[in-house]
Amino acid sequence: ARPVTVAACQLGPVHLADSREDVLKRMFSLLDQAAKEGVKLAVFPELAFTTFFPRYLLEGEDLDQYFETEDPTKGGIEQSPTIKPLFDHARSLGIDVYAGYAERSLQKDGVHVDYNSSVYYSSQEDKVIAKYRKVHLPGTVEPRTESGAYQQLEKRYFRPGNIGFPAFRAPGLVEGALKKSDGIENLDTTGKGDPIVGMLICNDRRWPEAWRVYGLQGMEIMCCGYNTTAFPTTSSGHMVEMSLEAAEEQVMLHHKLSCQGNSYMNACFSINVAKTGAEDGNPLVGGTMIVHPLGYIIKEANTKEDELVVATIDLADCRRPKNTVFAFEKHRRPEHYNLILEQ
Ligand code: CDT
């Protein structure tokens, strides 16, 4: 057995008027509850520290306020005065953190490039050990003009991620994890090392290619934060005639199919975490849940408020599907998958 207690730290709405300090306090409170339940990894939503600002058409300072500026010459996100306190608190409790934020990456020539990012903070290492930049950006560059259309301006505010899907090992989560220095020839095939973790952000969870690239790296835990609007839309963003209730039911179906199906098909646990409720009247679905490698929901949220969803998962449960039905090296037929790369 390789047990680890994990938490999905669902956040209720963050309104325009809520200060960063207010949000941090709420996050601290979830971490404090998590610590009491023996949690070692806490996963927060996409753009966790602010309202989901891509629903608004913004420019100048009104937009800049949402970004964390990272100057690679001066250290990473750990130095951000608005995020560092979360990591400091997590370290004092011995908890690792996944959190989403808007990244403004300064380039050498003074220009900047913006991404919708997440980081994994290791409390054992006391540093960010992995970063992910959202690859699949939904929405439009220009505001939609049809009447009643909601805005999802992620393509306007962010560049698609440029670092792919790098899985990584999270030290200190599982007791007695073997290291390369233990003389194990190929740690990946034993399933006894530090957990192999992947990160996605919101819309990415609907794309099997993203999960599979992590799956091929032996991923055992997927962390994915999201802000998903409850409106019914076509893929082009047009509103569909449907009641809000029916729409939310359909959005939840697709959310669950994506997370449960891809966890099953990649033989991994997934920790899927919403920012939910109505942000200044704009509804976001819930659906925070921890999913087993066999595809079933282990535990899920039952509110649209700040809520901690805790489960002790046994990473050994990944082994059987990874070694049988989803033993990729035995059963995949990549010679027939060329089209995926060509188009
Ligand atoms: N934030 C984000 O990526 N939201 C998208 C909404 C797409 S519209 C169906 C999501 O996939 O949840």
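This text follows the structure it describes.
### Topic: the packing of helix H1 (residues 20–36) against helix H3 (residues 84–93)
Describing two packed helices takes the angle between their axes plus the distance from one axis to the other. Two elements in contact, H1 and H3, have axes separated by 10 Å at closest approach and are oriented at 15 degrees. Viewed along their axes, H1 and H3 adopt a mutual orientation that is roughly parallel. Every pair of crossing elements has a handedness; the one defined by H1 and H3 is right-handed. Across the interface between the two elements, Leu 24, Met 27, Phe 28, Leu 31 and Ala 35 from H1 touch Pro 85, Leu 86, His 89, Ala 90 and Leu 93 from H3. Its residues assigned to classes, the contact of H1 with H3 comprises nine nonpolar, one polar and no charged.

### Overview of the site of the ligand
Near the ligand, the surroundings consist of ten residues, among which Pro 138, Cys 202, Asn 203, Asn 227 and Thr 228 are the closest. Of the residues contributing to the shell around the ligand, the split by class is three nonpolar, five polar and two charged.

### Re the pairing of strand E3 (residues 67–70)
Pairing of E3 with strand E4 (residues 96–106) involves four bridges; the strand directions are parallel. Within the sheet, the bridge partner assigned to Thr 69 lies in E4 and is Arg 104. On the question of chirality, the crossover connecting E3 to the parallel E4 by way of H3 is right-handed.

### As for unusual backbone geometry
Trans peptide bonds make up most of the peptide bonds, and negative phi angles are found at most residues other than glycine. With a phi angle near 40 degrees, Leu 47 is a residue other than glycine that sits in the positive phi range. Tracing the chain through its elements places Leu 47 in the loop between strand E2 (41–43) and helix H2 (61–64). The exposure class assigned to Leu 47 is buried, which follows from the 27 C-beta atoms found within 10 Å. Even without being a glycine, Asp 126 presents a positive backbone phi close to 50 degrees. Along the chain, Asp 126 falls in the loop between strand E5 (112–122) and strand E6 (127–133). Look at Asp 126 and you get partly exposed, because 13 C-beta atoms sit within 10 Å.

The rules behind each value
- Residues numbered from 1 in each chain as written.
- Predicted model: local features only at pLDDT ≥ 70, side-chain atom pairs only at ≥ 80, totals over all residues.
- Axes fitted to C-alpha atoms, helices over the stretch in contact; angles between N-to-C directions.
- Helix = DSSP H or I, 4+ residues; strand = E, 2+ residues; numbered from the N terminus.
- Parallel < 35°, antiparallel > 145°, perpendicular 65-115°, else oblique.
- Left-handed = near helix turned anticlockwise from the far one by under 90°.
- Contact = placed C-beta atoms within 7 Å.
- Nonpolar A, V, L, I, M, F, W, Y, C, P; charged D, E, K, R; others polar.
- Near = placed C-beta within 6 Å.
- Pairing = 2+ DSSP bridges.
- Right-handed = clockwise from strand over helix to strand, strands pointing away.
- Buried ≥ 20, exposed ≤ 12 C-beta atoms within 10 Å, placed from the backbone.

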